[in-house]
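Listed below, chain by chain, are the residues.
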Amino acid sequence: MTSRPVYTNLNVCLGREVNTRRVSRSARVSRSSRPRAVSSEQEVEESSARPVYPFTAIIGQEEMKFAALMNIIDPNIGGIMVMGDRGTGKSTTVRSLTDLLPYIEIVKDDAFMSSPTDPNLMSPDVLAAYRAKEPLETAFVPINMVDLPLGATEDRVCGTIDIEKALTEGTKAFEPGLLAKANRGILYVDEVNLLDDHLVDVLLDSAASGWNTVEREGISICHPARFILIGSGNPEEGELRPQLLDRFGMHAQIKTVKLPEERVKVVEERTAFDTDPKKFRATYKAKQDEVIDQVTRARALLPEVEVPMDIRLKISQVCAELDVDGLRGDLVTTRASRAAAAFRGSKIVTDEDVYSVISLCLRHRLRKDPMATIDEGSRVTEVFSSVFGYDIE
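Along each chain, the written sequence defines residue order, and numbers are assigned to residues from 1. At least 70 in pLDDT is required for a residue's local features to be given in this predicted model, at least 80 for side-chain atom pairs to be given and counted, and no such filter applies to totals for whole chains, interfaces and linings, which use all residues. Hydrogens and waters are ignored; side-chain quantities use all the structure's heavy atoms.

Caption draft 1: Just the sheet that holds strand 5 (residues 145-147), in detail. Only strands joined by at least two bridges in the DSSP assignment are considered to pair. Under the DSSP-based scheme used, a helix requires at least four consecutive residues in state H or I and a strand at least two consecutive residues in state E, with every element numbered from the N terminus. With parallel pairing, the 5 strands of this open sheet are ordered in space as 5-8-11-2-12. Here the strands that pair on one side only, and so sit at the sheet edges, are strand 5 and strand 12 (250-254). Across the sheet, the mean angle separating the axes of adjacent strands is 20° when strand polarity is ignored. With 5 bridges connecting them, strand 2 (residues 80-84) and strand 12 associate as parallel partners. Pairing of Met 83 across the sheet is with Gln 253, part of strand 12. Angular values range over 0 to 180 degrees, each being the angle between N-to-C directions of two axes fitted as lines to C-alpha atoms, with helices fitted over their stretch in contact.

Dropping the structure here:
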């Protein structure tokens, strides 16, 4: 028997002012000329923009940071559910991801963030123009991160009739909601376990189908709504509905830092950031750029990453022995393993890659056992070690 594989802890970090500059292009411009990353010299500073705490400055929470990186590398993993004690920096960590998000090509001035090349990611008007072979003016913009507040109404989330046009022009028009804005981006729900049931149903439907259908006051529209769903919450405030929990690709657990030295450092770092955000972000710029480059390379390498058949079979065997319902666990674990391999620069998935993601992908899919003496993550690790042939320490 060999020893259990150990995946190297991440030195994750990011930090870059949100770039609001748009680079206009014709849809016919060669795809080889697309920017892969934007240097700090090219960034446009917005003095009014709220500074974001650097991702690399966050102490601990390696599990959550690793899960976030995997979803940025491969958005098809399906998002993250972050559960932990209050005051542990869940929201701060999620919002710091804006520095890592890559640029995407959209149809300029389109409220639905439509792709100029993929019909499945186009709004109805853009799709009609695309089929008519009309030229589409495009722009490169950062991926959106949209916050869904707990008090949001269904009309604000899904979209509704444009009252201004109805009153001024006497015409019926659709006003896009948050789901349209989140298309091809990230939808973040803080305290997701407190979200109203009717909004949960809306999110479930859109997350499952990738489309949002609206029927309002004589308006009927269906538009793409493909987003990475990130939720955070405190387990003391209530459990999440199983139907919604299963929609998250990964589940990260956050714990309060216990070491006094680390707690003091957290306080000092946060105080320094609040005192002078720009100076504080500048101290982490090198680490931020390093991780941004690594993520950019991983996204480019991902299509070439292969999963050997024996590893695929073992992943499915682990899911079967854990009695995981459905096949979503198999799919997500395989995708996350490929992202982990790409992140370390390899084209072949290994046992170590699977080990680094399997607990994150499966722990929230297990059936609850009130008599269990170990948590779900430990159960997943035990079965992994048995199937893959490693000793349990």
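Right, picking up where we left off after that structure.
Caption draft 2: Representation of the nonpolar core in the model. Counting 70 residues, the largest nonpolar core has Met 70 and Met 250 as the members making the most contacts within it. For this core, the leading source of residues is helix 1 (residues 62-73), giving 8 residues. Residue contacts for Met 250: discarding those within four places in its chain leaves Ala 67, Met 70, Asn 71, Ile 77, Gly 79, Ile 80, Met 81, Ala 336, Val 357, Leu 360, Cys 361 and His 364. To define a nonpolar core, start from buried Ala, Val, Leu, Ile, Met, Phe, Trp, Tyr and Cys residues and group those joined through side-chain atoms within 4.5 Å. In this scheme, a residue with accessible area under 20% of its type's maximum is buried, one over 50% is exposed, and one in between is partly exposed, where area comes from a 1.4 Å probe on protein chains only. Among the nonpolar cores identified, the runner-up in size contains 33 residues, and Leu 187, Val 200, Phe 227 and Leu 244 belong to it. Residues count as neighbours in contact if any of their non-hydrogen atoms are within 4.5 Å of one another.

Caption draft 3: Focus on the side chain of Asp 74. Tracing the sequence through the fold places Asp 74 in the loop between helix 1 and strand 2. Note that His is not counted, nor are the chain ends; the positive residues are Lys and Arg, and the negative ones are Asp and Glu. Whenever a carboxyl oxygen of Asp or Glu lies within 4 Å of a side-chain nitrogen of Lys or Arg, that contact is scored as a salt bridge. One buried charged residue, Asp 74, remains without a salt bridge, the closest side chain of opposite sign being Arg 338 at 4.5 Å. The residues touching Asp 74, leaving out its near neighbours within four places in the chain, are Leu 302, Arg 335 and Ala 339.

Caption draft 4: View of the pairing of strand 4 (residues 137-142). Within strand 4, 5 of the 6 residues are buried, leaving the element largely enclosed by the surrounding structure. As defined by bridge partners, strand 3 (residues 103-107) adjoins strand 4 across 5 bridges and the pair is classed as antiparallel. When the sheet's bridge partners are listed, Val 107 is paired in strand 4 with Thr 138.

Caption draft 5: Expanded view of the pairing of strand 10 (residues 219-224). Here strand 9 (residues 211-216) pairs with strand 10 via 6 bridges, running antiparallel. Looking across to strand 10, one finds that Glu 215 is bridged to Ser 220.

Caption draft 6: Main features of the side chain of Asn 212. Looking at the element boundaries, Asn 212 is found in strand 9. A distance of 3.0 Å separates the side chain of Asn 212 from the backbone oxygen of Cys 158, its partner in a polar contact. Excluding anything up to four places from it in sequence, Asn 212 contacts Cys 158, Leu 179, Ser 206, Ile 221, Cys 222, His 223 and Ala 225. As used in this structure description, the phrase polar contact means that two N or O atoms lie within 3.5 Å; if the pair is within protein, one of them must be able to donate a hydrogen and the other to accept it, and residues adjacent in sequence are counted only when both atoms belong to side chains.

Caption draft 7: A look at the packing of helix 13 (residues 328-343) against helix 14 (residues 351-362). Closest axis-to-axis distance for the helix 13/helix 14 pair is 8 Å, and the angle between their directions is 140°. Between helix 13 and helix 14, the crossing angle belongs to the class labelled oblique. Helix 14 is crossed by helix 13, and the crossing has right-handed handedness. Of helix 14, the residues touching helix 13 (which contributes Gly 329, Val 332, Thr 333, Ala 336, Ser 337, Ala 340 and Ala 341) are Asp 353, Val 354, Ser 356, Val 357, Ile 358, Cys 361 and Leu 362. Throughout this entry, Asp, Glu, Lys and Arg are counted as charged residues, while Ala, Val, Leu, Ile, Met, Phe, Trp, Tyr, Cys and Pro are counted as nonpolar. The remaining residues, Gly among them, count as polar. Residues that form the contact of helix 13 with helix 14 fall into these classes: 9 nonpolar, 4 polar and 1 charged. Here the word oblique covers every angle except those under 35 degrees (roughly parallel), over 145 (roughly antiparallel) and from 65 to 115 (roughly perpendicular). Helix crossings are classified by the rotation of the near helix relative to the far one: an anticlockwise turn of less than a right angle makes the crossing left-handed, while a clockwise turn makes it right-handed.

Caption draft 8: Structural view of helix 1. Under the 1.5 Å per step criterion, the end-to-end length of helix 1 is 17 Å for 12 residues, consistent within 8% with the ideal 16 Å. With 10 of 12 residues buried, helix 1 lies mostly within the body of the structure. Multiplying one less than the number of residues by 1.5 Å gives the expected span of a helix.

Caption draft 9: The packing of aromatic side chains, seen in detail. Here the aromatic set is Phe, Tyr and Trp, taking the six-membered ring for Trp, and pairing holds for ring centres within 6.5 Å; pairs whose planes are under 30 degrees apart are stacked, those over 60 apart are edge-to-face, and all others are tilted. If you walk through the whole model with that rule in mind, you get 7 aromatic pairs. Pairing Tyr 53 with Phe 273 gives two aromatic rings, centres 5.0 Å apart and planes at 75°, and the pair type is edge-to-face. Here the residue Tyr 53 occupies a position in the loop between strand 1 (23-26) and helix 1, and Phe 273 occupies one in helix 9 (residues 260-275), the gap between them amounting to 220 residues. Both rings, one in Phe 384 and one in Tyr 390, keep their centres 6.1 Å apart while their planes meet at 5°; by these two values the pair is stacked. Taken individually, Phe 384 and Tyr 390 each receive the classification buried, so the pair is uniform in this respect.

Caption draft 10: Main features of the pattern of salt bridges. Counted by the stated rule, this structure contains 10 salt bridges. Two residues, Arg 270 and Asp 274, come together in a salt bridge whose shortest N-O distance is 3.2 Å. Separated by 4 residues within a single helix, Arg 270 and Asp 274 lie in helix 9, roughly one turn from each other. Across the pair Lys 347 and Glu 304 runs a salt bridge, and its minimum N-O distance is 2.8 Å. With Lys 347 in the loop between helix 13 and helix 14 and Glu 304 in the loop between helix 11 (285-301) and helix 12 (309-321), this residue pair connects regions lying 43 residues apart in the sequence. Residue class for Glu 304 comes out partly exposed when judged on its relative accessible area of 41%.

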